[in-house]
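# Observations on the model geometry
Spelled out, the chains give:
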Amino acid sequence: FSGTPTWVLSLEGGAQLAGQGKYDPWGAYIRMTPVEVWPLTRIYSVSGYKTSAVSSLHEGGLTMTLGTAYTDQETFLAASTTAARYDTLIWAGGTFVRLGSRPSLPITVSGSGCLNPAGSFVNTVDGIAKAICEARAGLLAADLTGINTGSTAVVQHVFTGEVTCEAALAEIFADAGAIGW
């Protein structure tokens, strides 16, 4: 988060978020705490990237009801959210939720993480490793044929700041139990 938005609608948060990394979830994310970026309108950042879906939002242990799922920032910001519901914004600039009323308990979200460059959700070790290399390191799919662990393990991982491609792959492979690569 920059913490110094040139305009409040940038959804970059205030000074309290300056320098903090945005979430970058891969695979399914479960009960992740989103970051409040605009308290006045109850907007929270789920990811600094476009994810596949926000499947549920909980206030404490209570599941809230989805209102509207937006794919356009301008329309999302111009609308309002009904009390006791939440709206989502999933677009190229990230994934956000807006609550219809001020929460009295902690908020958590669950869903499907970031997409590969082809626009598909991936949740296996191989799929996530290849997607990270393509989407974050700019490598070409043709250069990644060597990534084939033979593992069909489903993993989930949420990065919370800047990380090198090598470190990201090490964490993903470790999630699947690999001790070296």
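Being a predicted model, the structure only gives us computed values, none of them experimental. (Residues numbered from 1 in each chain as written. Predicted model: local features only at pLDDT ≥ 70, side-chain atom pairs only at ≥ 80, totals over all residues. Heavy atoms only, no water.)

### A short note on the packing of helix 2 (residues 125-135) against helix 3 (residues 165-175)
Just so we agree on the cut-off: Fitted lines through C-alpha atoms serve as axes, helices being fitted only where they are in contact, and the angles separating the N-to-C directions of these axes extend from 0 to 180 degrees. Helix numbers and strand numbers start at the N terminus; a helix is a DSSP run of H or I with at least 4 residues, a strand a run of E with at least 2. Relative orientations are named as follows: roughly parallel for angles under 35 degrees, roughly antiparallel for angles over 145 degrees, roughly perpendicular for angles from 65 to 115 degrees, and oblique for any other angle. Residues count as neighbours in contact if any of their non-hydrogen atoms are within 4.5 Å of one another. For this scheme, ten residues count as nonpolar: Ala, Val, Leu, Ile, Met, Phe, Trp, Tyr, Cys and Pro. Four count as charged, namely Asp, Glu, Lys and Arg, and the remainder, Gly too, count as polar.
Following both chains from N to C, one finds helix 2 and helix 3 inclined at 170°, their axes separated by 10 Å at the closest point. Considering their axes alone, helix 2 and helix 3 lie roughly antiparallel with respect to each other. Facing V125, I128, A129, I132 and C133 of helix 2, the residues of helix 3 in contact are C165, A168, L169, I172 and F173. Grouping the amino acids of the contact of helix 2 with helix 3 by side-chain chemistry returns ten nonpolar, no polar and no charged.

### Structural notes on unusual backbone geometry
Positive phi is not limited to glycine here, since R42 has a value of about 60°. Within the chain, A84 stands out as a residue other than glycine whose phi angle is a positive 70°.

### Considering the nonpolar core
The condition is simple: Only buried residues count toward a nonpolar core. Its members are Ala, Val, Leu, Ile, Met, Phe, Trp, Tyr and Cys residues joined through side-chain atoms within 4.5 Å. A simple rule labels every residue: compare its accessible area, found with a 1.4 Å probe on the protein chains alone, to the largest value its type can have, and call it buried under 20%, exposed over 50%, or partly exposed in between.
Counting 24 residues, the largest nonpolar core has L57, V97 and V109 as its most contacted members. Taken together, the elements giving at least two residues each to this core come down to strand 2 (28-32), strand 3 (35-38), strand 4 (43-47), strand 5 (51-59), strand 8 (85-91), strand 9 (94-99) and strand 10 (107-114). Beyond its immediate sequence surroundings of up to four residues, V97 is in contact with R42, I43, Y44, V46, V54, L57, F76, Y86, D87, T88 and V109. Listed in part, the 16 residues of the second largest apolar core include V122, C133, L144 and F173.

### A few points about the sheet that holds strand 6 (residues 62-63)
Definition in use: Any two strands are treated as partners once DSSP identifies two or more bridges connecting them.
If you trace the four strands from one edge of the open sheet to the other, you get 2-10-5-6, paired in antiparallel fashion. The sheet is open, and its two borders are formed by strand 2 and strand 6, each paired with just one other strand. Relative to strand 10, strand 2 runs antiparallel, the two being bridged by three bridges. Of the residues in strand 10, the one forming a bridge with Y29 is G111.

Any functional reading would require information beyond the geometric quantities listed.
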